[in-house]
Amino acid sequence: MTVEATDAQASIPGDKGGPALVEWIARRSEGIVIPLAAILVGLAAFSVFVAFLGKSPFDLFGLMVKGGFGSWFSIQNTLARAAPLLLAALCVALPARLGLVVIGGEGAIVLGGVAAAAAAAIALPAVGILPPAFLWVAMALAGMVAGGMWIGLVGFLRHYRAVNETISSLLMAYIGIALMNNFVEGPLRDPSSLNKPSTAPLPADHMIGNIPGMDVHWGLVAGIVACVLSWVLMEKTRWGFAARIAGGNVRAAQIQGLAVGPLILAFTALAGAFAGLAGMIEVAAVQGSANASLAAGYGYTGILVAFLARHNPLAIIPVAFLLGGIEASGGLIQRRLELPDATVLVLQGMLFIIILFSETYYGRFRIFNPDLWKRRA
Amino acid sequence: MSHKFIISRRQLLKTTAAGAALGIASSTFAVGRAAAADLTVGFVYVGPRDDYGYNQAHAEGAAVVKALAGVTVVEEENVPETVDVTKTMESMINLDGATLLFPTSFGYFNPFMLDTAAKFGDIQFRHCGGLWTDKNPTNTGSYFGYIGMGQYLNGIAAGHASKSKKIGFVAAKPIPQVLLNINSFLLGARSVDPEITCQVIFTGEWSLAVKEAEATNALIDQGADVITCHVDSPKVVVQTAAGRGAHVCGYHANQSPLAPEMYLTGAEWNWGKVYTDFVTAMKEGKPLPNFVRGGLKDGFVKMSPLGPAVSDKARAQFEATHAEIMKGGFSVIKGPLKDNKGNVIASAGQSYAEDAIELESMDYLVEGVVGATS
């Protein structure tokens, strides 16, 4: 019995039978039950707030379900809004596992979009000869290199010049947006874009289309694949393991002989590359050209998603869908209850605070810890 | 609220949450829906509805429509120019039953409104910004106003109020519409006193409160004593300028409540008229025009009431010019006129009406404006 208990922590229940399965479920459910409970508490707190505004919380939650998840249209609406958040959240989550708080993904997104548009301008003449996918690969590479260098620079400044990565990434986001405006209004401007300076638009048949049977573009699939790959990288490879060690304690990692500098550079660059890819997808699947609309705030919502997912790349997927659903239903709430848009921000803020607060409850409930079950006996 | 009502709603919630009644939910959910015979009109704004600026001007227009009988208005604010606006429009169509949509931000047009319109052929879309051409779907269209003459009238009020002969303009981006407003403001002031100059500062963004405040302060530090602007929300500029003791001319909407003493006048959109025209035509079953555009004379643009700081002399010239504009045939951009680099824009006798196509691609600042387009 004691032997089984120690084994159960690491292994998936197979032929071990009943008690081990129960223990496995108990351990695994902590990471699901606590966030779900936190979301419920957040919604309860929000309904008090709504009641103070003189609106019925029942109406509100009914509209949220309807607007976010209540029909095939609403589900697609949610998925479309979640798509860019997946990659934007990875830009926060990956460095976070190394102990870095990078909040400037917005800069990498807009620069990734500009680089992708520039690559498209260069690559378009060749597309007649090569398949259109060639254009998308070229754009994606350009976007990922631009975003990767941008956030990689944040990692470089952090490790080699001891510049705080939170501040530098945020300030660099402003520089990134200014650079985008400069390129879009200057060297890359399509002369026919008079009152909304933009780069030359992609031809309609060179846009990345929708997933068959859905009104959601392929960026959603790209985001999910990126999250899964990031999870494998973090949890199942020695590089991810090394990164988590360095995130836990830099000194200890260095004493173990881990090359912390290159690790930080590689992971911040990868994070930026994902954000740059998000920018490329905005250009190739949504906007058709790079312009000021690229700075739509995805980089900042991504911070929220990553923190709510506790920087677990797999958890980013459901959290992004949750926030996408809140945004999708936010419109319906505004329209039906005549509440300001800020109402949804209040809800997001309440969820954020309560989920962060809920982290203090991990490991404090006996029910999730089978080792303690026996000690009590 | 009766007990029975709550129970039924709870049951509905349960079934919806269970995923059993996905389609039924939309038809039975009884929150604030209008009668079926009503026309439902959707308005989408890029910023907050109470921004004292671009979005408020549209929301005021929406409020006029809301007061019409048999019309339900649905509004959504802070919708970015991304796939979000596509989904918002589709949501208004699918969930609210809207059949006439006004996506009001310039960047909503292409690709978002055009794509959505191609998908919903029996829904009418009208976009603010004058971008529509006959190559676009016939269920789409544009409406826009010529507001340059409003800035010209602002300039007249500013020219009389300025003691330093320096006036200031806080501008977002050096695009044709903004440049025309800057040039018109200066030319209005120069019609009072040809020695007046106008310093312009571009912030680079449509909505960037900190830079707008900095720009306003910088203009006043350099001696400007009347300020106007072309940014999405003039609130910060108006409050900052009035706080520093400078007079202000408004833009987009009426900002006089923010600075009742220092507010001279303002160039405002009068979207209520435009929206009423569209909605009335729709209710009467008449075809909607695809392209409408007009200025002060056509009622698309109006001026804020003159403030207490406007002198009698200023009022006289303002009203005389206003009357002349309302008569028609007035031109702001007319020769002899040079740009601020010395190039000739118009020779003597040459003039451009407010709807002249040449003004649509304006890329210069006229002589007397201190600043550069790039």
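How each quantity is defined
Residues numbered from 1 in each chain as written. Chains lettered and ligands numbered in written order. Predicted model: local features only at pLDDT ≥ 70, side-chain atom pairs only at ≥ 80, totals over all residues. Helix = DSSP H or I, 4+ residues; strand = E, 2+ residues; numbered from the N terminus. Rg over C-alpha atoms; globule rule 2.2 N^0.38 Å. Contact = placed C-beta atoms within 7 Å. Nonpolar A, V, L, I, M, F, W, Y, C, P; charged D, E, K, R; others polar. Buried ≥ 20, exposed ≤ 12 C-beta atoms within 10 Å, placed from the backbone. Pairing = 2+ DSSP bridges. Right-handed = clockwise from strand over helix to strand, strands pointing away. Domains from an automatic or database assignment. Axes fitted to C-alpha atoms, helices over the stretch in contact; angles between N-to-C directions. Expected span 1.5 Å × (residues − 1). Bend = angle between axes of the 7 residues up to and from the residue. Left-handed = near helix turned anticlockwise from the far one by under 90°. Core = buried A, V, L, I, M, F, W, Y, C linked by C-beta atoms within 7 Å. pLDDT = per-residue confidence, 0-100.

Asks: Could you clarify how one ought to interpret the overall build of chain B in this entry?
Replies: In terms of regular secondary structure, chain B is built from 11 helices and 17 strands. On C-alpha atoms alone, chain B measures out to a radius of gyration of 23 Å, which is about the 21 Å that the 2.2 N^0.38 rule sets for 374 residues. Across chain B, contacts joining residues at least 24 apart in sequence account for 66% of those joining residues at least 6 apart.

Asks: What am I meant to see in the interface of chain A and chain B here?
Replies: A common way to report how large an interface is uses the accessible area buried once the components associate. At the interface, 32 residues of chain A touch 38 residues of chain B. Counting only elements with at least two residues in the side of chain A that touches chain B, the list comes to α3 (57-68), α4 (72-97) and α13 (313-337) of chain A. In terms of residue count, α3 of chain A provides more of the side of chain A that touches chain B than any other element does, eight residues in total. In the side of chain A that touches chain B, the residues fall into 13 nonpolar, 12 polar and seven charged.

Asks: Would you mind showing me how to read the pairing of strand β7 (residues 197-202) of chain B here?
Replies: Consecutive side chains along a regular strand alternate between the two faces of the sheet. All names here are of chain B. Among the six residues in β7, six count as buried, and that is most of the element. Every second residue of β7 is oriented toward a common face, with Thr197, Gln199 and Ile201 on one face and Cys198, Val200 and Phe202 on the other, all of them buried. The pairing of strand β6 (residues 166-171) with β7 spans six bridges and is parallel. Among the inter-strand pairings, alanine 171 is bridged to a residue of β7, identified as phenylalanine 202. Each parallel crossover has a hand, and the one from β6 via helix α7 (residues 176-190) to β7 is right-handed.

Asks: Mind showing me how you'd approach the domain arrangement of chain B here?
Replies: All names here are of chain B. Here the domain parsing of chain B yields domain 1 (3-146 + 272-294) and domain 2 (148-267 + 304-370). Each of domain 1 and domain 2 was reduced to a C-alpha centroid, and the two centroids are 33 Å apart. Counting from both sides, the interface comprises 10 residues of domain 1 and, opposite them, 13 residues of domain 2. Counting residues per element, the side of domain 1 that touches domain 2 draws most heavily on helix α3 (residues 54-66), at four residues.

Asks: Hey, could you run me through the domain arrangement of chain A in this one?
Replies: Residues and elements named next belong to chain A. Taken domain by domain, chain A holds domain 1 (1-55 + 339-377) and domain 2 (77-338). Put simply, the middle of domain 1 and the middle of domain 2, counted by C-alpha atoms, are 29 Å apart. In this complex, domain 1 contributes 10 residues to the contact, which on the side of domain 2 involves 10 residues. Grouping the amino acids of the side of domain 1 that touches domain 2 by side-chain chemistry returns six nonpolar, two polar and two charged.

Asks: Would you mind going over the pairing of strand β3 (residues 100-103) of chain B with me for this structure?
Replies: All names here are of chain B. Neither face of β3 is left uncovered, since the one carrying Leu100 and Phe102 and the one carrying Leu101 and Pro103 both have all their residues buried. Strand direction decides the pairing type here: β3 and strand β4 (residues 124-128), joined by two bridges, are parallel. In the strand pairing of β4, leucine 101 is matched with phenylalanine 125. A crossover connection joins β3 to the parallel β4 through helix α5 (residues 109-119); in handedness this β-α-β unit is right-handed.

Asks: Looking at this model, I keep getting lost on the sheet that holds strand β11 (residues 291-294) of chain B. Mind explaining?
Replies: Paired through backbone hydrogen bonds, the strands of a sheet run either parallel or antiparallel to each other. All names here are of chain B. Pairing within the open sheet is parallel, and its six strands lie in the order β2-β1-β3-β4-β5-β11. What marks the edges here is a single partner per strand, and that holds for β2 (71-76) and β11. Direction aside, neighbouring strands of the sheet carry axes that sit 15 degrees apart on average. By the bridge criterion, four bridges tie strand β1 (residues 39-44) to β3 in an arrangement that is parallel. Among the inter-strand pairings, valine 41 is bridged to a residue of β3, identified as leucine 100. The sheet strands contacting α3 are β1 and β2, and the helix crosses β2 at an angle near 160 degrees.

Asks: How should I be thinking about α4 of chain A in this particular structure?
Replies: Note: α-helices contain 3.6 residues per turn, so residues at a spacing of three or four share the same orientation. Residues and elements named next belong to chain A. For α4, spanning 26 residues, the distance from its first C-alpha to its last is 36 Å, which sits close to the expected 38 Å at 1.5 Å a residue. Helix geometry: α4 is bent most strongly at alanine 82, by close to 30 degrees, with proline proline 84 lying one to four residues after it. A large share of α4 lies buried, amounting to 23 of its 26 residues. One or two residues past the end of α4 sits glycine 99, with phi positive at roughly 85 degrees.

Asks: Explain helix α14 (residues 342-358) of chain A to me, please; I cannot follow it from the model alone.
Replies: For α14 of chain A, spanning 17 residues, the distance from its first C-alpha to its last is 24 Å, which sits close to the expected 24 Å at 1.5 Å a residue. Elements in contact with the buried residues of α14 of chain A: α2 (18-52), α12 (298-308) and α13 of chain A.

Asks: Can you walk me through the packing of α13 of chain A against α14 of chain A in this structure?
Replies: Axis angle and axis distance: for two packed helices, these are the angle between their axes and the distance between the axes, and together they describe the pair. Residues and elements named next belong to chain A. For the pair α13 and α14, interaxial distance at closest approach is 9 Å and the crossing angle is 145 degrees. Note on packing geometry: the crossing formed by α13 with α14 is right-handed. Of the residues in α14, those in contact with Ile326, Glu327, Gly330 and Ile333 of α13 are Thr343, Val344, Leu347 and Gln348.

Asks: Would you take a moment to explain the nonpolar core for this structure?
Replies: Generally speaking, a soluble globular protein has its nonpolar side chains buried in company with each other. The biggest cluster of nonpolar side chains holds 114 residues, and the ones touching the most others in it are Leu86, Ala89, Leu90 and Ile316 of chain A. With 17 residues, the top contributor of residues to this core is helix α11 (residues 260-287) of chain A. What isoleucine 316 of chain A contacts, discounting residues up to four positions off in sequence, is Leu86, Ala89, Leu90, Ala93, Cys227, Val305, Ala306 and Ala309 of chain A. Core analysis: the next-biggest nonpolar cluster, separate from the first, contains 109 residues, Tyr45, Phe185, Leu264 and Val366 of chain B among them.

Asks: Would you mind going over the confidence of the model for chain A with me for this structure?
Replies: In low-pLDDT segments, the atomic positions of the prediction should not be examined closely. For chain A, the average pLDDT comes to 89, and 95% of its residues sit at 70 or higher. Across residues 1-11 of chain A, confidence stays below pLDDT 50; counting only partners more than four residues off in sequence or on other chains, it has 11 contacts.

Asks: Please clarify how the confidence of the model for chain B should be interpreted in this entry.
Replies: Residues and elements named next belong to chain B. Per-residue pLDDT for chain B averages 89, and the proportion of residues at 70 or more is 90%. A low-confidence stretch, residues 1-36 stays under pLDDT 50, and its non-local contacts, those more than four residues away or across chains, total 38 contacts. Predicted complex metrics record ipTM = 0.82 and pTM = 0.84.

Asks: Please explain the environment of leucine 157 of chain A as it appears in this structure.
Replies: Residues and elements named next belong to chain A. Its place among the elements puts leucine 157 in helix α6 (residues 132-161). Residue classification places leucine 157 among the partly exposed positions, given that 18 C-beta atoms sit within 10 Å. Remark: the alpha-carbon pair of leucine 157 and serine 168, spanning 11 residues in sequence, is separated by 8.2 Å. When neighbours within four sequence positions are excluded, leucine 157 is seen to be in contact with Val163 and Ser168.

Asks: Just to check I follow, could you spell out unusual backbone geometry for this structure?
Replies: With the exception of glycine, the majority of residues adopt a negative phi angle, and the majority of peptide bonds are in the trans configuration. A cis geometry characterises the amide bond from asparagine 110 of chain B onward to proline 111 of chain B, with omega recorded as 5 degrees. Locating proline 111 of chain B in the fold gives a position in helix α5. Residues glycine 335 of chain B and proline 336 of chain B are joined by a peptide bond in cis, for which omega reads -5 degrees. Within the element layout of this structure, proline 336 of chain B appears in the loop between β13 (333-334) and β14 (337-338). For arginine 310 of chain A, which is not glycine, the phi dihedral falls at a positive 50 degrees. Within the element layout of this structure, arginine 310 of chain A appears in the loop between α12 and α13. When the 19 C-beta atoms within 10 Å are taken as the criterion, arginine 310 of chain A is described as partly exposed.

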